[in-house]
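Here is how the chains run, residue by residue.
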Amino acid sequence: SYSFKYMEPAAGNATDTYENDGSPSFAFNGRAVLQANPDFAWVPVINFAQTDMGWKADSSGSNVLKANNKITNFNIGVAGEWKVRGTDLLVAGIAFQSVSVDFEDTDPFNFTSDDPLKWSYIQMPNLFASFEGNIARWLTFRVGASKPIYGKLTVEDPTTDPVDKFEETDAPMQFSVGTGFHFGNFTFDTVVQQDWLFGGGPLNNSYQDWDHNPFLRISGDYRF
C-alpha cells in the first residue's frame, strides 16, 4: 500500500489536500532452479506487478477530484546458468518484457486540464548474458549485457478524437560492469555507471551531473 498526503493552505481558511486513494498494489514473482547436471541449471522466471498511483484531492474544500492511475509490469523468460572453473558463473537467456502507464490525470488541482498520460513499452525478445568470475580471493569481477531484438514505445493521447498515437521502435543495447571486494565475511560491491566509462572520468568531468558519478550503486554484505 502506497500512502502519501500533501496539504497546502488555500484561500481563506480552506486547505487543499492531495493524497492517495487507498487502492492496493500487488506483485507476483516466481523463479525456479531446475538442475540439469552439477554444472548447469535452467532458471525460468515470471514477474507481474501492478502499482496503483491513484489519488484524490479536496480542492479548497469545495469539490473532491479523483483519478485512477496505474503502472503495470510484466516479465517472463528463461535463462541457463553454467558453472565455469568450479566457482565462476556464466548466465545467458531470453525474456519478454512490457511496462505500461495509464494515468487518468496527472494534475490533482487542475482536473479540468484533462491531462492524462498513457504509454507502453515492450521488448520481444530481450537477449541477455552475464559473467561473474573471481580474479583473486579478494576480488570478483562481473559484467552483463542485454539487447532486445525488437522494442516498441507507444504514446497515446486519449483526449483527441480519433486518438492521437505516437509509435517509435527502440532497441538499445545496455551493459553493466561491477566489482566485489571481499574482506573475510564482508563483501563490498559496486556497479559502474556505463556512461562514465566513455566520458573521460575525472579528467573530463566536474562531477556536478549525476551521470558523471562513477558508480550506480554501492552496497555491502556481511555473512554471519
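Summary of the structure given here. (Residues numbered from 1 in each chain as written. Predicted model: local features only at pLDDT ≥ 70, side-chain atom pairs only at ≥ 80, totals over all residues. Heavy atoms only, no water.)

**Quick word on the overall build of the protein chain**
When helices and strands are counted, the protein chain shows one helix and 16 strands. Across the 224 residues in the protein chain, those meeting the buried criterion constitute 25%. Considering only residue pairs separated by 6 or more positions, the protein chain has 52% of its internal contacts joining residues 24 or more positions apart. Working note: accessible area of the protein chain is about 14,600 Å², and carbon and sulfur atoms make up 57% of it. (Helix = DSSP H or I, 4+ residues; strand = E, 2+ residues; numbered from the N terminus. Buried < 20%, exposed > 50% of the residue type's maximum accessible area, 1.4 Å probe, protein only. Contact = heavy atoms within 4.5 Å. Areas by Shrake-Rupley, 256 points an atom, 1.4 Å probe, with all protein chains shown as cover.)

**Overview of unusual backbone geometry**
The omega torsion of the bond from M124 to P125 falls at -20 degrees, within 30 degrees of zero and hence cis. Considering the arrangement of structural elements, one finds P125 in strand β10 (residues 117-136). The backbone of R85 shows a phi angle near 60 degrees, a positive value even though the residue is not glycine. Tracing the backbone shows R85 in the loop between β8 (69-84) and β9 (88-103).

**Points about the pairing of strand β15 (residues 186-192)**
Every regular strand shows the same layout, with side chains that alternate between the two sheet faces. When you tally the buried positions in β15, you get five out of seven residues, the bulk of the element. As paired elements, strand β14 (residues 174-183) and β15 share seven bridges and run antiparallel to each other. From the neighbouring strand, V177 faces β15, where its bridge partner is V192. With antiparallel pairing between neighbouring strands as the criterion, β14 and β15 make up a hairpin whose turn holds two residues, including G184 at a positive phi of roughly 65 degrees. As judged from the seven bridges shared by β15 and strand β16 (residues 215-222), these two strands associate in the antiparallel manner. Bridging across to β16, T190 finds its partner in I218. (Pairing = 2+ DSSP bridges.)

**Some thoughts on the environment of V45**
Mapping V45 onto the fold places it in strand β5 (residues 40-52). Owing to a relative accessible area of 24%, V45 belongs among the partly exposed residues under this scheme. With twelve residues separating them along the chain, V45 and V33 place their C-alpha atoms 9.3 Å apart. Once residues lying within four places of it in the same chain are set aside, the contact partners of V45 are G30, R31, N75, I76 and G77.

**Looking at the pattern of salt bridges**
Scanning the entire structure with this criterion turns up six salt bridges. The salt bridge involving R142 is made with D189; its shortest N-O contact spans 2.7 Å. Linking R142 in strand β11 (residues 139-148) with D189 in strand β15, this pair joins segments that are 47 residues apart in sequence. Residue E167 pairs with K152 through a salt bridge whose shortest N-O separation is 3.4 Å. With E167 in strand β13 (residues 164-169) and K152 in strand β12 (residues 151-157), the pair connects residues that are 15 residues apart, well separated along the chain. Judged by its relative accessible area of 24%, K152 is partly exposed. Here the salt bridges do not stand alone but share partners, grouping E132, R142 and D189 into one network. (Salt bridge = Lys/Arg side-chain N within 4 Å of Asp/Glu carboxyl O.)

**A closer look at a nonpolar patch on the surface**
There is a patch of nonpolar side chains on the surface, built from L34, W42, V78, I94, M124, L127, I149 and Y150 and spanning about 710 Å² of accessible area. Within the fold, Y150 resides in the loop between β11 and β12. (Patch = residues over 30% accessible without salt bridge, like charges linked within 9 Å, V, L, I, M, F, W, Y side chains within 5 Å.)

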